[in-house]
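Per-entry structural report
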Amino acid sequence: MNTCIFCKIVKGEANSWKIYENEDVYAFLDIHPAARYHTLVIPKKHYTNIFDIPEKELQAVIAAVKKVSKLYEEKLGIKNIQIISNSGAEAQQEVFHLHFHIVPRKRGDGQNLRWVTHSEWVNDFDNMIEKIQ
Ligand code: AMP
Ligand code: ZN
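Everything numeric here is computed off the predicted structure, so don't read it as measured data. Counting restarts for each chain, with residues numbered from 1 along the sequence as it is written. Think of it this way: whatever chain is written first is A, whatever ligand is written first is 1, and the rest follow in order. Restriction of local features to residues with pLDDT of at least 70 applies here, the model being predicted, together with a cutoff of 80 or more for giving and counting side-chain atom pairs; totals for whole chains, interfaces and linings are based on all residues. Values shown for side chains rest on all heavy atoms present in the structure; no hydrogens or waters enter the calculation.

**Regarding the site of ligand 1**
Note on terminology: near, applied to a residue and a molecule or strand, indicates that one of the residue's heavy atoms is within 4 Å of it. Around ligand 1, the structure places 16 residues, and the nearest of them are Asp-30, Gln-92, Glu-94, His-99 and His-101. Polar contact is defined as a pair of N or O atoms within 3.5 Å, subject to the rule that within protein one atom must be able to donate a hydrogen and the other to accept it, and that residues adjacent in sequence are counted only when both atoms are side-chain atoms. Asp-30 places a polar side-chain atom, nitrogen or oxygen, 2.5 Å from an oxygen atom of ligand 1. Residue Ile-31 places a main-chain N or O atom 3.1 Å away from a nitrogen atom belonging to ligand 1. Broken down by element, the residue count for the shell around ligand 1 peaks at three residues, all from helix 1 (residues 5-11). When its residues are assigned to classes, the shell around ligand 1 shows eight nonpolar, six polar and two charged. What counts as a helix is a DSSP run of H or I of at least four residues, what counts as a strand is a run of E of at least two, and both are numbered from the N terminus. Note that Gly is not counted as nonpolar here; it falls among the polar residues with everything else outside the nonpolar set of Ala, Val, Leu, Ile, Met, Phe, Trp, Tyr, Cys and Pro and the charged set of Asp, Glu, Lys and Arg.

**Comments concerning the coordination of the zinc ion (ligand 2)**
Metal coordination angles in their ideal form are 109.5 degrees for the four-donor tetrahedron and 90 or 180 degrees for the six-donor octahedron. For Na, K and Ca the donor cutoff is 3.2 Å, while for all other metals N, O and S atoms must lie within 2.8 Å; water is not among the atoms, so some sites may look incomplete. The zinc ion (ligand 2) binds to the protein through Cys-4 (SG), Cys-7 (SG), His-46 (ND1) and His-97 (ND1), with metal-donor distances spanning 2.1 to 2.3 Å. The site at the zinc ion (ligand 2) holds four donor atoms, and with the angles between them running 105 to 119°, its shape is tetrahedral. Counting residues between consecutive donors of the zinc ion (ligand 2) along the chain gives the motif C-x2-C-x38-H-x50-H. With Cys-4 in the segment before helix 1 and His-97 in the loop between strand 4 (81-84) and strand 5 (100-104), this residue pair connects regions lying 93 residues apart in the sequence. Exposure class is identical for Cys-4 and His-97. Each is buried. A site with four donors is called tetrahedral when every donor-metal-donor angle falls between 85 and 135 degrees; four donors are called square planar, and six octahedral, when opposite donors sit more than 155 degrees apart and all other angles fall between 65 and 115; any other arrangement is irregular. Residue burial is assigned from relative accessible area. The probe radius is 1.4 Å, only protein chains are included, and a residue is buried under 20% of its type maximum, exposed over 50%, and partly exposed in between.

**Re a nonpolar patch on the surface**
Nonpolar side chains collect at one region of the surface, where Trp-121, Val-122, Phe-125, Met-128 and Ile-129 lie side by side and expose about 510 Å² of accessible area between them. Structurally, Met-128 is set in helix 3 (residues 125-131). Judged by relative accessible area, Met-128 falls into the partly exposed class, the value being 40%. Candidates for patches are residues over 30% relative accessible area with no salt bridge; among them, like charges are joined within 9 Å and nonpolar side chains (Val, Leu, Ile, Met, Phe, Trp, Tyr) within 5 Å. Computed with a 1.4 Å probe, the accessible areas rest on the Shrake-Rupley method; for each residue, only the protein chains presented here act as cover. Any Lys or Arg side-chain nitrogen found within 4 Å of a carboxyl oxygen on Asp or Glu counts as a salt bridge.

**Notes on the side chain of Asn-49**
With respect to the helices, strands and loops of the structure, Asn-49 is situated in the loop between strand 3 (39-43) and helix 2 (55-76). In this structure, Asn-49 is in contact with Ser-87, Gly-88, Gln-93 and Leu-98, ignoring residues within four places of it in sequence. Any two residues whose heavy atoms approach within 4.5 Å at even a single point are treated as in contact.

**A closer look at the pairing of strand 5**
Of all five residues in strand 5, five are buried, a share of seventy percent or more. The alternating pattern of strand 5 places Phe-100, Ile-102 and Pro-104 on one face and His-101 and Val-103 on the opposite face, and all of these are buried. Note: two strands are recorded as paired if DSSP finds a minimum of 2 bridges between them. Pairing analysis gives three bridges linking strand 3 to strand 5, with the strands arranged antiparallel. Looking at the pairing, Leu-40 lines up with His-101 of strand 5. Pairing analysis gives four bridges linking strand 4 to strand 5, with the strands arranged antiparallel. Bridging from a neighbouring strand, Ile-83 pairs with Ile-102 of strand 5.

Function cannot be inferred from these measures alone, as they are strictly geometric.
Structural data, given as structure tokens:
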């Protein structure tokens with residue numbers, strides 16, 4: 001039995017606020033919004049994350065991310081958007097049905113992401129590239 005909440009949303013078995021849909025993709029408002037119009041874009045078919053979704057279906061999802069972003073630009077004048085997708089629990093994925101977050105941003109919204117960076121790892125770049133040959 002499929003207990004995935006996003007599959008339930010696609011099937012209309014769980015409530016959602018639809019922004020956009022086509023044959024392959026569904027977009028809806030995130031229930032814990034980090035910004036007004038914080039939106040999730042998902043494939044209608046269940047894929048866990050970036051690792052198992054076929055390229056063609058991913059293309060349909062990212063095309064919808066673009067469409068929704070343009071919609072927000074045209075209708076709402078939104079010009080700053082963060083697009084985030086987490087794959088894997090240690091990468092902060094909580095719902096295991098692939099999704100892209102569209103988060104409209106503005107100055108002073110308090111939502112800036114800050115990475116801890118390690119410039120010393122530049123010394124390892126040649127080794128790192130060697131490992132993936
Ligand atoms: P992530 O950490 O990338 O897996 O984020 C999952 C997102 O799904 C979170 O931002 C949740 O607020 C959102 N979410 C979980 N359940 C629902 C739901 N029923 N409707 C809308 N958004 C949801
Ligand atoms: Zn699912």
